[in-house]
Structure formats: structure tokens, C-alpha cells
Amino acid sequence: MKLLYITAALAILISGFSSEPPTERQAGSAFKIVRTNFLGTVWNDAQAKASIISEDGGESFAVPGGAIWAYGDTFKGTRSADGTPHFAGGSVSCAIAFLGRDARSYPPAFQYL
């Protein structure tokens, strides 16, 4: 029953988003990336159980008992013991995860739906 409430809340929240293109003012001018720095991964056993190698930034929504996280591009596969990704299974456009209110680990141990 809890999963039903979470799914319903997520559907209501997502339905409120607009997919309008940016206005001319929002588009702004081009920029140049000068440097990047990889700070490591937040990948852990929760992602391994869901066969997720990596995912891009997401949105989080407070729900009873914790938060729902919606990620965009999510890449499937496995990782070696040293953390090397092995892409297998392609990608999905959205991954949904639940993080309990009392979760304290870092990286967070999501429960993927």
C-alpha cells in the first residue's frame, strides 16, 4: 500500500512539470568549459542490486516516510571489484528510487522501484 501512495504522489508531481522550450532570454550565450574535476562516484550496493552503473542528476520529492528520487539517463550493467563499469543492458530514461527518512549512509542506499 505504501508503494501505491508513493507512486501516486510521484505521478501527481511529474504531471505538473512543463516541457516548454527555453525562452530567448533563458537560453543565454555560449560558454567554454575550462576544466573539470572528477570527485569520485557515489555508486554502492544499492545501485549494484538494481544493475545500475551510473545515472545523471535527479529531482527529489518529499513523501511520507522519506523521499522519492527521479533520475534521468540511467545506465545499466555491472562494475568490477575495482569499480570499473561494464555497460550491459543499455540505458533507461528514468530511474525511480526511495530513500527512507532515517537513511544516514553516504553514498545513500536507495531502494530502486
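Residues numbered from 1 in each chain as written. Predicted model: local features only at pLDDT ≥ 70, side-chain atom pairs only at ≥ 80, totals over all residues. Heavy atoms only, no water.

**Regarding the overall build of the chain**
Helix and strand counts for the chain come out as three helices and seven strands. Listing every helix and strand of the chain by position from the N terminus yields α-α-α-β-β-β-β-β-β-β. Every one of the 113 residues in the chain was classed for burial, and the buried ones make up 22%. Once local pairs closer than 6 in sequence are excluded, the contacts in the chain between residues at least 24 apart make up 51%. (Helix = DSSP H or I, 4+ residues; strand = E, 2+ residues; numbered from the N terminus. Buried < 20%, exposed > 50% of the residue type's maximum accessible area, 1.4 Å probe, protein only. Contact = heavy atoms within 4.5 Å.)

**A look at the nonpolar core**
Listed in full, the eight residues of the largest apolar core are A46, I52, Y71, A95, A97, L99, F110 and Y112. In terms of residue count, the dominant contributor to this core is strand β6 (residues 95–100) (three residues). Each residue touching I52, except ones within four places of it in the same chain, is listed here: W43, Q47, T74, F75, G77, A95 and Y112. (Core = buried A, V, L, I, M, F, W, Y, C linked by side-chain atoms within 4.5 Å.)

**Observations regarding the environment of A88**
Along the polypeptide, A88 turns up in strand β5 (residues 85–92). A sequence separation of 13 residues divides A88 from F75, and the C-alpha atoms of the two residues are 8.3 Å apart. Once you skip the residues sitting within four places of it in the chain, A88 turns out to touch K76 and G77.

**Overview of the sheet that holds β6**
By way of backbone hydrogen bonds, the strands of a sheet pair with one another, either parallel or antiparallel. Strand order in this open sheet of four strands is β2-β3-β6-β7, and the pairing throughout is antiparallel. At either margin of the open sheet sits one strand with a lone partner, and together these are β2 (58–63) and β7 (111–112). Two elements, β2 and strand β3 (residues 66–71), share six bridges in a ladder whose sense is antiparallel. Across the sheet, E59 pairs through a bridge with A70, a residue of β3. (Pairing = 2+ DSSP bridges.)

**Things to note about the sheet that holds β5**
The three strands are arranged β1-β4-β5 in an open sheet whose pairing can be described as antiparallel. Either end of the sheet is taken by a strand with one partner, and the two such strands are β1 (52–55) and β5. Geometrically, the sheet is characterised by an average inter-axis angle of 35° between neighbouring strands, direction not taken into account. In this structure, β1 lies alongside strand β4 (residues 74–79), joined through three bridges in antiparallel fashion. Along β4, the bridge assignment pairs S54 with F75. (Axes fitted to C-alpha atoms, helices over the stretch in contact; angles between N-to-C directions.)

**A word on the environment of F87**
Considering the arrangement of structural elements, one finds F87 in strand β5. Accessibility expressed as a relative area gives 57% for F87, which makes it exposed. For the pair F87 and K76, spaced eleven residues apart in sequence, the C-alpha separation works out to 6.1 Å.

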